[in-house]
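Examination of the molecular architecture
Spelled out, the chains give:
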Amino acid sequence: MRFFITGATGFIGQATVQELVQTGHQVLGLARSNASAVTIAAFGAEFLLGDLRDHEMLRRAATGCDGVIHLAFNNGDIHGWAEKDRDIVTVFTDALEGSNKALVVSSVVAVVSSNAVATEADLPSPDGIGSFRAPSEEAAIQAAGRGIRSSVIRLPPTVHGSGDQMFLPKLISIAKQTGFSAYVEDGENRWPAVHRLDAARLYRLAAERGGPGERFHAVAEGNIPFRAIAQVIGEKLDVPVRAIKASSAPEQFGWLARFVSMDCPASGSFTQSRLGWRPEAPDLLSDLADGSYF
């Protein structure tokens, strides 16, 4: 099959392109620059130079492929980008209507309410910390009613592995700057996680086998205590590990304070059963301790 991929040179996107090519699929990856085009070509895929703002280009690319995997998202402007992202999903929906082709759209586990174990059956909630992803998720689910094999993959807050530039590297940097690795209150708030290679395999499986209107959780581990993450960081940096009050979290973590305090346990049982997805890459704490982070 031939898939069009946005975000093809991103952290998960590169792994997904390689996963698809290595399993015999053809890939057309969206490249915003010549450098990105070179990266995509090096993986044995084709590239399309362009921008997500060019909706007509996106429509043509989607129409010319057997399916679309939409991974691109502007994490530097999460709330401002949400509406634009929903519009992009709508463009793909219009292009693929009645084709029974695959449309795989990215969301986040934290789009549902926190504290309870999130499952694939849970709907987006206004009080979810990731509720800004709800418009795109809902647009993808609704596309199933238009003759499209559309599905959603919800990603955990921690997608780890070589090349990670999100939460874990920032937590390490903060611990270096402050001289200690912190967790909030008792540190028992739970984070789900997945390795980027396992996430890439899930995107392939969803594109190949996902049914219309299905939600999948890229959750290899569902309830890692944040304190355990802080402990590994402290050990690797040889700095103290300390509990801090919730009121002190903004001073310690800045904009990350809300995320390091969130309790977001999740399950991926349906996903594993439905698609036969079995995480195989290193778990988060092992990858943090023995991988490329330090």
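Conventions and cut-offs
Residues numbered from 1 in each chain as written. Predicted model: local features only at pLDDT ≥ 70, side-chain atom pairs only at ≥ 80, totals over all residues. Heavy atoms only, no water. Helix = DSSP H or I, 4+ residues; strand = E, 2+ residues; numbered from the N terminus. Rg over C-alpha atoms; globule rule 2.2 N^0.38 Å. Buried < 20%, exposed > 50% of the residue type's maximum accessible area, 1.4 Å probe, protein only. Lys, Arg positive; Asp, Glu negative; His and termini not counted. Charge placed at Lys NZ, Arg CZ, Asp CG, Glu CD. Core = buried A, V, L, I, M, F, W, Y, C linked by side-chain atoms within 4.5 Å. Contact = heavy atoms within 4.5 Å. Salt bridge = Lys/Arg side-chain N within 4 Å of Asp/Glu carboxyl O. Arc of directions from axis to C-beta. Axes fitted to C-alpha atoms, helices over the stretch in contact; angles between N-to-C directions. Parallel < 35°, antiparallel > 145°, perpendicular 65-115°, else oblique. Left-handed = near helix turned anticlockwise from the far one by under 90°. Nonpolar A, V, L, I, M, F, W, Y, C, P; charged D, E, K, R; others polar. Expected span 1.5 Å × (residues − 1). Pairing = 2+ DSSP bridges.

When helices and strands are counted, the chain shows 12 helices and 12 strands. Its C-alpha atoms give the chain a radius of gyration of 19 Å, near enough to 19 Å, the size a compact globule of 294 residues would have. Judged by the C-alpha coordinates and their principal axes, the chain covers about 55 × 40 × 35 Å. Expressed as a percentage of its 294 residues, the buried residues of the chain come to 54%. Looking at charge distribution, the chain has the averaged site of its 27 positive side-chain charges lying 3 Å from that of its 33 negative ones.

Another aspect to go through is the nonpolar core. Ranked by internal contacts, the top residues of the largest apolar core, which has 40 residues, are Leu 171, Ile 229, Phe 253 and Leu 288. Of all the secondary structure elements, the ones that give two or more residues to this core are helix H6 (167-178), strand E8 (181-184), strand E9 (190-195), helix H8 (226-237), helix H9 (249-253), helix H10 (257-261) and helix H12 (284-290). The element that contributes the greatest number of residues to this core is H6, accounting for six residues. Every residue in contact with Ile 229, bar those within four places of it in the chain, is listed here: Leu 168, Trp 191, Ile 224, Leu 284, Leu 285 and Leu 288.

The phi dihedral of Asn 100 is positive, around 60°, even though this residue is not glycine. Looking at Asn 100, the relative accessible area reads 52%, which means it is exposed. A positive phi angle is found at Asp 238, which is not glycine, with a value near 60°. Relative to the elements of secondary structure, Asp 238 occurs in the loop between H8 and strand E12 (241-244). A relative accessible area of 71% means that Asp 238 is categorised as exposed.

The next subject is the pattern of salt bridges. The tally for this structure, following the rule as stated, stands at 17 salt bridges. A salt bridge links Glu 188 to Arg 227; the nearest nitrogen and oxygen atoms lie 2.5 Å apart. Here Glu 188 is found in the loop between E8 and E9, whereas its partner Arg 227 is found in helix H8, with 39 residues between them in sequence. For Glu 188, a relative accessible area of 36% translates into the label partly exposed.

The next thing to look at is helix H2 (residues 34-42). The complete set of buried residues in H2 reads Ser 36, Ala 37 and Ile 40. All buried residues of H2 project into a common sector of 100° when viewed along the axis, lining one side. In H2, those exposed residues whose orientation departs by more than 90 degrees from the buried face are Asn 34, Ala 35, Val 38 and Ala 42. Its buried side turned inward, H2 meets strand E2 (26-31) and strand E3 (46-49). Immediately downstream of H2, the backbone of Gly 44 shows phi near 85°, a positive value.

Before going further, it helps to spend a moment on the packing of H6 against H8. When two helices pack together, their arrangement is captured by the angle between the axes and the distance separating the axes. Between H6 and H8, the shortest axis-to-axis distance is 10 Å and the interhelical angle comes to 55°. In terms of orientation, H6 and H8 fall into the oblique class. For the crossing formed where H6 meets H8, the hand is right-handed. Contact residues: Leu 168, Leu 171, Ile 172, Ala 175 and Lys 176 in H6; Phe 226, Ile 229, Ile 233 and Leu 237 in H8. Each residue belonging to the contact of H6 with H8 can be placed in one class, and the counts come to eight nonpolar, no polar and one charged.

Right, let's talk about helix H7 (residues 196-209) for a bit. For H7, spanning 14 residues, the distance from its first C-alpha to its last is 20 Å, which sits close to the expected 20 Å at 1.5 Å a residue. With 11 of 14 residues buried, H7 is to be regarded as a mostly interior element. Listed in full, the buried residues belonging to H7 are Arg 196, Asp 198, Ala 199, Ala 200, Arg 201, Leu 202, Tyr 203, Arg 204, Leu 205, Ala 206 and Ala 207.

Attention shifts here to the sheet that holds strand E1 (residues 2-6). The seven strands are arranged E3-E2-E1-E4-E5-E6-E10 in an open sheet whose pairing can be described as parallel. The sheet terminates laterally at E3 and strand E10 (214-217), the two strands that pair on one side only. Strand-to-strand, the axes of this sheet are offset by a mean angle of 20°, without reference to chain direction. Of the pairings in the sheet, the one linking E1 to E2 comprises four bridges and is parallel in character. When the bridges of E2 are listed, Phe 4 appears paired with Leu 28. Packed onto the sheet, helix H1 (residues 11-22) meets E1, E2, strand E4 (67-70) and strand E6 (149-155) and runs at close to 175° relative to E1.

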